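Okay, here's what each chain looks like letter by letter:
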Amino acid sequence: MGSSFENKSIKRLCIGLLAHVDAGKTTLSEAMLYRGGCLRRLGRVDHQDAFLDTEALERERGITIFSKQAVLSLPDLELTLLDTPGHVDFSSEMERTLQVLDYAILVISGTGGVQGHTQTLWRLLARYQIPTFLFVNKMDLDGSDQALRLSELRQRLDDGCASFGPNQPEAAIHEIAAMCDESILEQYLEHGTVSDSDIQALIWQRKLFPCYFGSALHLDGVDEFLSGLSRYTISPSYPAKFGAKVYKIARDSQGNRLTYLKMTGGSLRVKDSLSSQDGGWTEKVDQIRIYSGSRFQTTDQISAGTVCAVTGLSQTRPGQGLGVEPESALPSLEPVLTYQLILPPDCDPHDAMRRLSQLEEEDPQLHLVWDEHARELRLQLMGEIQLEILRRVIEERFRLKVSFGPGSIVYKETIATPAEGVGHFEPLRHYAEVHLLLEPGERGSGLQFDTVCSEDTLDRNWQRLILTHLEEKVHRGVLTGSPITDLSITLLAGRAHPKHTEGGDFRQATYRAVRHGLMQAQSVLLEPYYSIRLELPAETVGRAMTDLQQRFGTLEAPELDGDRAVLAGSAPVSTMGNYWQEVASYTRGEGRLTCTVQGYAPCHNPEEVIAALGYDSQRDVDNPADSVFCAHGAGFVVPWEQVRDYMHIDTGLRLDQAAEPEPEAPPVRRTSYAGSAAEDKELQAIFERTYGPVKRRDFRPPPRPSEEEVRHPIRPQKQGPEYLLVDGYNIIFAWDELKSVAQDNVDAARRMLMDLLCSYQGYKQCVVILVFDAYKVPRSTGEVSRYHNIYVVYTKEAETADTYIERATYEIAREHRVRVATSDGLEQLIILGHGALRVSARAFHEEMDRVSGAISELITAQNRKNRDLDQIRHRAEIKSKKLYS
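Residues numbered from 1 in each chain as written. Predicted model: local features only at pLDDT ≥ 70, side-chain atom pairs only at ≥ 80, totals over all residues. Heavy atoms only, no water.

Below, the discussion takes up the overall build of the protein. On a plain count of helices and strands, the protein comes out with 27 helices and 42 strands. Taking the intrachain contacts of the protein between residues at least 6 apart in sequence as the baseline, contacts between residues at least 24 apart amount to 72%. Split by element, the accessible area of the protein, about 45100 Å² in all, is 48% carbon and sulfur. (Helix = DSSP H or I, 4+ residues; strand = E, 2+ residues; numbered from the N terminus. Contact = heavy atoms within 4.5 Å. Areas by Shrake-Rupley, 256 points an atom, 1.4 Å probe, with all protein chains shown as cover.)

In this model, the protein carries a mean pLDDT of 83, and residues with pLDDT of at least 70 account for 85%. Counting contacts from residues 658-677, a segment whose pLDDT is below 50, to residues more than four positions away or on other chains yields five contacts. Scored below 50 in pLDDT, residues 695-717 makes 25 contacts in the model with residues more than four places away or belonging to other chains. (pLDDT = per-residue confidence, 0-100.)

Most of strand β4 (residues 77-83) sits inside the fold, with six of its seven residues counted as buried. Summarising the sheet, strand β2 (residues 11-19) and β4 pair through seven bridges and their orientation is parallel. The residue of β4 that forms the bridge with R12 is E78. Where strand β3 (residues 68-74) lies against β4, seven bridges are found, and the strand directions are antiparallel. (Buried < 20%, exposed > 50% of the residue type's maximum accessible area, 1.4 Å probe, protein only. Pairing = 2+ DSSP bridges.)

Next up on the list: helix α12 (residues 460-472). Residues spaced three or four apart along an α-helix point in a common direction, a consequence of the helix completing one turn every 3.6 residues. Between its terminal C-alpha atoms α12 stretches 18 Å, which fits the 18 Å expected from 13 residues at 1.5 Å a residue. Looking only at α12, the buried set comprises Q463, I466, L467, H469 and L470. Buried residues along α12 cover an arc of 155 degrees about the axis, so they all sit on one side. α12 presents N461, R464 and E471 as exposed residues on the side facing more than 90 degrees away from its buried surface. (Expected span 1.5 Å × (residues − 1). Arc of directions from axis to C-beta.)

Further remarks concern unusual backbone geometry. With a phi angle near 60 degrees, L219 is a residue other than glycine that sits in the positive phi range. Here L219 falls in the partly exposed class, since its relative accessible area comes to 24%. Even without being a glycine, R429 presents a positive backbone phi close to 65 degrees. Looking at the element boundaries, R429 is found in the loop between β26 (419-425) and β27 (432-440).

Taken together, the seven strands give an open sheet; going across it, the order is β3-β4-β2-β5-β6-β8-β7, and neighbouring strands pair in mixed fashion. At either margin of the open sheet sits one strand with a lone partner, and together these are β3 and β7 (161-163). With direction set aside, neighbouring strand axes in the sheet form an average angle of 25 degrees. Sheet strands touched by helix α5 (residues 146-156): β5 (103-109), β6 (132-137), β7 and β8 (209-213). Its angle to β7, the strand with the most contacts, is close to 160 degrees. (Axes fitted to C-alpha atoms, helices over the stretch in contact; angles between N-to-C directions.)

A few words on the side chain of T510. Its location among the elements puts T510 in helix α13 (residues 503-520). Excluding residues that lie within four positions of it along the chain, T510 makes contacts with V434, L436, I466, H469 and L470.

This part is about the pairing of strand β41 (residues 818-821). Where a strand is regular, its side chains alternate between the two sheet faces. Residues V818 and V820 of β41 are buried on one face, and the alternating residues R819 and A821, pointing to the opposite face, are buried as well. With four bridges connecting them, strand β37 (residues 723-727) and β41 associate as parallel partners. Considered in β41, the bridge of L724 is made with R819. Relative to strand β42 (residues 837-839), β41 is paired through three bridges, and the arrangement is parallel. Bridged to R819 within β42 is L837.

Before going further, it helps to spend a moment on the packing of aromatic side chains. Taken as a whole and assessed by the stated rule, the structure comprises 19 aromatic pairs. Pairing F636 with Y646 gives two aromatic rings, centres 6.0 Å apart and planes at 65 degrees, and the pair type is edge-to-face. One end of the pair, F636, is in strand β36 (residues 634-638); the other, Y646, is in helix α18 (residues 643-646), with ten residues separating them in the sequence. The exposure class of F636 is partly exposed, given its relative accessible area of 30%. The aromatic ring of F772 is capped on one face by R750, whose charged end is 5.8 Å from the ring centroid. (Phe/Tyr/Trp six-rings, centres within 6.5 Å; stacked < 30°, edge-to-face > 60°. Lys NZ or Arg CZ within 6 Å of the ring centre and 35° of its normal.)

The next thing to look at is the packing of helix α23 (residues 736-744) against helix α24 (residues 746-764). At a minimum axis distance of 6 Å, the contact between α23 and α24 shows a crossing angle of 150 degrees. Relative to α24, the element α23 lies roughly antiparallel. Contacts from L738, V741, A742 and D744 of α23 reach α24 at V746, A748, A749, M752 and L753. Split into classes, the residues belonging to the contact of α23 with α24 amount to eight nonpolar, no polar and one charged. (Parallel < 35°, antiparallel > 145°, perpendicular 65-115°, else oblique. Nonpolar A, V, L, I, M, F, W, Y, C, P; charged D, E, K, R; others polar.)

All right, on to the pattern of salt bridges then. All told, the structure shown has 43 salt bridges when counted by the stated rule. Between E420 and R644 there is a salt bridge; the shortest N-O distance is 3.0 Å. Within this pair, whereas E420 is found in strand β26, its partner R644 is found in helix α18, the two being separated by 224 residues in sequence. Judged by its relative accessible area of 30%, R644 is partly exposed. One salt bridge in this structure joins R817 and E722, with 2.5 Å as the shortest N-O distance. Of this pair, R817 sits in the loop between α25 (801-812) and β41 while E722 sits in the loop between α21 (707-711) and β37, and the two are 95 residues apart along the sequence. Accessibility expressed as a relative area gives 43% for R817, which makes it partly exposed. (Salt bridge = Lys/Arg side-chain N within 4 Å of Asp/Glu carboxyl O.)

Time to look at the sheet that holds β42. Taken in spatial order, the six strands make up an open sheet running β39-β40-β38-β37-β41-β42, and their pairing is mixed. Edge strands, defined here as strands with exactly one partner in the open sheet, are β39 (784-787) and β42. In this sheet, neighbouring strand axes are inclined to one another by 25 degrees on average, regardless of whether the strands run parallel or antiparallel. Summarising the sheet, β39 and strand β40 (residues 790-794) pair through four bridges and their orientation is antiparallel. In the strand pairing of β40, Y787 is matched with I790. Each of β37, β38 (767-772), β39, β40 and β41 touches α24; the most contacted strand, β38, lies at about 165 degrees to it. Sheet strands in contact with α25 are β37, β38, β39, β40 and β41, and its direction is about 170 degrees off that of β37.

Take the side chain of N623 next. Within the fold, N623 resides in the loop between α17 (606-613) and β35 (627-631). Beyond its immediate sequence surroundings of up to four residues, N623 is in contact with K473, R476 and R515.

The next subject is the nonpolar core. Counting 50 residues, the largest nonpolar core has L341, L359, L379, L390, I394, F404 and L534 as the members making the most contacts within it. Looking at this core element by element, the count peaks at seven residues for strand β30 (residues 523-537). Those residues in contact with I394, other than ones at most four positions away along the chain, are L341, L356, L359, R399, L400 and V402. Counting residues in each nonpolar core, the second largest holds 46 residues, with A19, L79, Y103 and F164 among its members. (Core = buried A, V, L, I, M, F, W, Y, C linked by side-chain atoms within 4.5 Å.)

Set out below in structure tokens:
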């Protein structure tokens, strides 16, 4: 929200409750409201009478579908609780709520622990920088273990997770808090305590995450949790100028449009006029409602920090900033499945589209569109549960019995090479020309727009209009017609006519310039990927790894814990389908598969998808790449391949030339000439008799390369962890200390190298693969084994290490950065040809020495910190002895 904080006698906070489904989030909200005196009777989700389950659908299914608001007043704290959906299918509703929170409460199941969606929520809380308290629920059930859960929270979420429960001594809390910040640690070593204000600041800065344990159903630990919220939270301070953030659009039972917002500055009165920041609309506030569950109270005025619903506004949208509040960034969670919406036979699709547009107002992620080519309505959803809920909502609100076609994947497109797109629109008495630079963006960056166009070339107002046109439309790619993403689009130049240019002319020119650039660039088809976590019996790991590899997944090394194993990795959404059913079958119900949307990456089968969709970019009349020019009083269309020959502006950008290395000039043998002026004239006369008179030209310096040529390199696309492949015996016999050991015992030398690489991997956090030739290992079968944190490969019989490394480099270097440590000259040439980086044995030895030195420094620093902790404990023991003596 961009607000600072200050202490106040009565704190007013907006706190959201988040959880993986079935962690007991709504039960906790019920317990907090009951113990806070807001409820006379404690409701239950399974009894269908929970205070915040206000919708019939929620009571039937026992899950939260829509975010709800409740007001909880404590002696020194006024809380607005926002209960958010826990099911992954309703993640967009949850994410919209995050943008108005002061604090968050993350509820963890004491039996289930940290699950896949829990980690997604944690990443979102980090993205929005929301201070977080944790409540570990269901600690009354068998299988719950406080020490185990706390260890898991620290390992899988953050080291700053610390127990703040009633059984935790004050001194222990102070000690944990001191370890989160160097300056507070120094104060603690000097005075022996940490103030509440310091703990509050650590929580606000997301360095410390208080954890409470209990059972919300039995009210165990709830009072202590409420006390902790009162003690360790601080009120934000807000500017005097009016500001508000819209986070939700809904309708009440009478059909009134409700705009849910949080005040982030100033105050708001009934009948005040509100405007969009671009001045596009101005409307008056009719009513201000403060909701608590399904009931509300009206008020005439609200101040900063208040969460309310407003009537009278028809143009607002989720994520919109009003007044001084900026717009929200695009949500990170988005639907990956698209469905055909099948209407009743007698229903007019355009009328249905108009009525159903209310749903898209409330959930912009639905992306309800009319597909003119297929003559059908389509929308995007997160999963099957959301589809069932939406069917019920449409039937109850609009009296339409709809069905849905089979789901398909939402593909996207991006580019791998930069391109300049030109759009020209010049029918008679119209004129606009636009030049855009399209560049590949970082994966997950979306679309970024900018301008480097001089205002001497094109007026600022026209430039703003072009940027508006870039943002207002979903631009389609040229491979499948899917939306484009992960691009940077920069306005290079443009031209308007002093008399004939209108706003719509630049819209046409801008759209055509984008399309023209896409037609020239190298396009890449993207598909959504799941981040997967599979917990299962150890004996079924082989089956699971084979299944996921066949589904084009990538996996990390299995984590083994007794008779259980955990597989983590990623796989295309399109290949996972109902794999959870297979997992349940071959693990006899003991496996647990968690899939969360990770984002978009290059499609695993682009040719097959492109052929199946059958999109023809040349025939897409709604997205033309051609331009319109004018001659002899009439406009004419120029095909996109020829537009450069007709354009009126030359930006000087030559991406095709810049991509080609300049040939080296051949060595020139220099000689000196010392002829007289008379000899020069004689030579000139001979030259002119032979070839004609010499025409002299003024000196013109060679043209300078444009800024764009120099400024816009092609960005590398490889991401993910770096791989290091080590030719084992090559390194052993190249390093003197290993070579001397190998002369007596090769096994000992191998083990020394493996231990050194384990330390190296722990510091560098890369994937290390150590390869040994088979001929020195009797009866080798080519197995890959895990040695602590590295992989060790013994090649098959008759297969050498360099052959294995050559093959592995070829496969891995497609997607990841690869380095190979070896001193084999032929092998170095091969791996360089595959795009890997070669590290000589000598250079790798020097790098290993540097890493060892850095590790020694870390150990020394840690030892110093341990000594400080020993001093802390010693002082605490002395204090306690004095207290009880």
